[in-house]
Amino acid sequence: MKPTEKPFQAISLAILVGTSVDYCVHLVEGYRIAGETQPPLSWEGTIRAWRLRHALNHIGVPIVSSAVTTVLAAATLSLTQIQMFSRFGKILALTMTLSLVYTLFMAGSLLAVFAPTKFVGSKKSSLRGLVIAVVLTCAVIPLPLYLFKEAIIC
């Protein structure tokens, strides 16, 4: 690895962690907002399942749209002749794809099973949720970067 690549990798990692946390935070916020309304009387599932469904109906489409447009832009960026931009485009496309999959499946499953059914928002609870989302995302992001390091760098 060239010494000039280290700052690029550090900046890329900071950008990628920041952008991938967004999807999860938006889904959790949608879940929180869903608690302000009551499920219809015809609802037969749990309160958690209803809140998750409500959150996905309202915020799921913007999350998927954002991820798709970011991946398409990153794919275009990865086709450039400038190697640094090409690498960043590949890493960004991979990270956004994995972040979307993680948010919809893993975070959604965790919300459906472990999230509170009644939630009173406070600064302390919001900060705790943000820390958990950041820790989970930071645990997920480095794995594909490590696994696909050779494919991305070459």
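Bear in mind the structure is a predicted one, so any value in this text is a computation, not a measurement.

What about the overall build of the chain?
Alright, step 1. Secondary structure assignment for the chain yields six helices and zero strands.
Alright, step 2. Along the chain, from the amino end to the carboxyl end, the secondary structure elements read α-α-α-α-α-α.
Alright, step 3. Taken over 154 residues, the chain has a buried fraction of 31%.
Alright, step 4. Total accessible area computed for the chain in this model is approximately 9,800 Å², and 71% of it derives from carbon and sulfur atoms.

Here we look at the nonpolar core
Alright, step 1. Counting 21 residues, the largest nonpolar core has Tyr23, Cys24, Leu27, Tyr31, Ile63, Leu92 and Leu111 as its most contacted members.
Alright, step 2. Top element by residues in this core is helix H3 (residues 83-114). It accounts for nine residues.

Points about the pattern of salt bridges
Alright, step 1. Under the counting rule described, the total for this entry stands at one salt bridge.
Alright, step 2. Residues Glu29 and Arg32 are paired through a salt bridge, measuring 2.8 Å at the closest nitrogen-oxygen approach. Placement of the pair is Glu29 and Arg32 together in helix H1 (residues 5-34), with a separation of three residues, close to one helical turn.
Alright, step 3. Exposure remark for Glu29: the relative accessible area of 32% places this residue in the partly exposed category.

A word on a nonpolar patch on the surface
Alright, step 1. A cluster of nonpolar side chains, Val25, Leu127, Leu130, Val131, Val134 and Val135, forms an exposed patch at the surface whose accessible area comes to about 470 Å².
Alright, step 2. Looking at the secondary structure, you find Val134 in helix H4 (residues 123-140).

A word on the environment of Ala49
Alright, step 1. Turning to its location among the elements, Ala49 is positioned in helix H2 (residues 47-77).
Alright, step 2. Accessibility expressed as a relative area gives 29% for Ala49, which makes it partly exposed.
Alright, step 3. Placed 63 residues apart in sequence, Ala49 and Ala112 show a C-alpha to C-alpha distance of 5.5 Å.

Thoughts on H3
In an α-helix, one full turn covers 3.6 residues, which means residues spaced three or four apart are oriented alike.
Alright, step 1. Look at H3: 43 Å from first C-alpha to last across 32 residues, which is about the 46 Å you get at 1.5 Å a residue.
Alright, step 2. The sharpest bend along H3 measures roughly 35 degrees and falls at Tyr102.

What to know about the side chain of Ser99
Alright, step 1. On the secondary structure map, Ser99 appears in helix H3.
Alright, step 2. In this structure Ser99 touches Ser20 and Tyr23, once residues within four positions along its chain are discounted.

Examining the confidence of the model for the chain
Alright, step 1. Per-residue confidence for the chain averages 79 on the pLDDT scale, and 81% of its residues sit at or above 70.
Alright, step 2. Taking the mean pLDDT of every element in the chain, the minimum, 52, falls on helix H6 (residues 149-153) and the maximum, 90, on H2.

What about the environment of Leu92?
Alright, step 1. Along the chain, Leu92 turns up in helix H3.
Alright, step 2. Looking at Leu92, the relative accessible area reads 12%, which means it is buried.
Alright, step 3. Between the C-alpha atom of Leu92 and that of Ser20, which follows or precedes it by 72 residues, the distance is 9.6 Å.
Alright, step 4. Excluding residues that lie within four positions of it along the chain, Leu92 makes contacts with Leu16, Thr70 and Ala74.

Some thoughts on the packing of H2 against H3
Alright, step 1. Contact geometry for H2 and H3: axes closest at 9 Å, N-to-C directions at 175 degrees. By the angle between their axes, H2 is roughly antiparallel relative to H3.

Section: H2
Alright, step 1. Relative to the 45 Å expected for 31 residues at 1.5 Å per residue, H2 spans 43 Å between its end C-alpha atoms, a close match to the ideal helical length.
Alright, step 2. In H2, a bend of some 50 degrees at Ile59 exceeds every other bend along the element, and Pro62, a proline, comes one to four places later.
Alright, step 3. Those residues of H2 not exposed but buried are Trp50, Arg51, Leu52, His54, Ala55, Gly60, Ile63, Ala67 and Ala74.

Analysis parameters
Numbering of residues begins from 1 in every chain and follows the order in which that chain's sequence is written. Per-residue local features are limited, in this predicted model, to residues with pLDDT of at least 70; the limit for side-chain atom pairs, both in listing and counting, is 80 or more; totals at the level of whole chains, interfaces and linings are taken over all residues. Hydrogens and waters are ignored; side-chain quantities use all the structure's heavy atoms. Here a strand is any run of E in DSSP of at least two residues, a helix any run of H or I of at least four, and the numbering for each starts at the N terminus. Relative accessible area decides the class of each residue, using a 1.4 Å probe on protein chains only: under 20% of the type maximum gives buried, over 50% gives exposed, and in between gives partly exposed. In these tables, accessible area is a Shrake-Rupley quantity obtained with a 1.4 Å probe, and a residue counts as shielded only by the protein chains included in the view. Only buried residues count toward a nonpolar core. Its members are Ala, Val, Leu, Ile, Met, Phe, Trp, Tyr and Cys residues joined through side-chain atoms within 4.5 Å. Any carboxyl oxygen of Asp or Glu within 4 Å of a side-chain nitrogen of Lys or Arg constitutes a salt bridge here. Only residues whose relative accessible area exceeds 30% and that form no salt bridge enter a patch; like-charged residues are grouped when within 9 Å of one another, and nonpolar side chains (Val, Leu, Ile, Met, Phe, Trp, Tyr) when within 5 Å. Multiplying 1.5 Å by the residue count of a helix minus one yields the expected span of that helix. Two axes define the bend at a residue: one fitted to the seven residues ending there, one fitted to the seven starting there, and the bend is the angle between them. Whether two residues are in contact is decided by their heavy atoms: any pair within 4.5 Å suffices. Confidence per residue, as judged by the predictor, is encoded in pLDDT with a range of 0 to 100. To get an axis, a line is fitted to the C-alpha atoms, and for a helix only the part in contact is used. The angle between two axes follows their N-to-C directions and goes from 0 to 180 degrees. For classification purposes, an angle smaller than 35 degrees is called roughly parallel, one larger than 145 roughly antiparallel, one from 65 to 115 roughly perpendicular, and anything else oblique.

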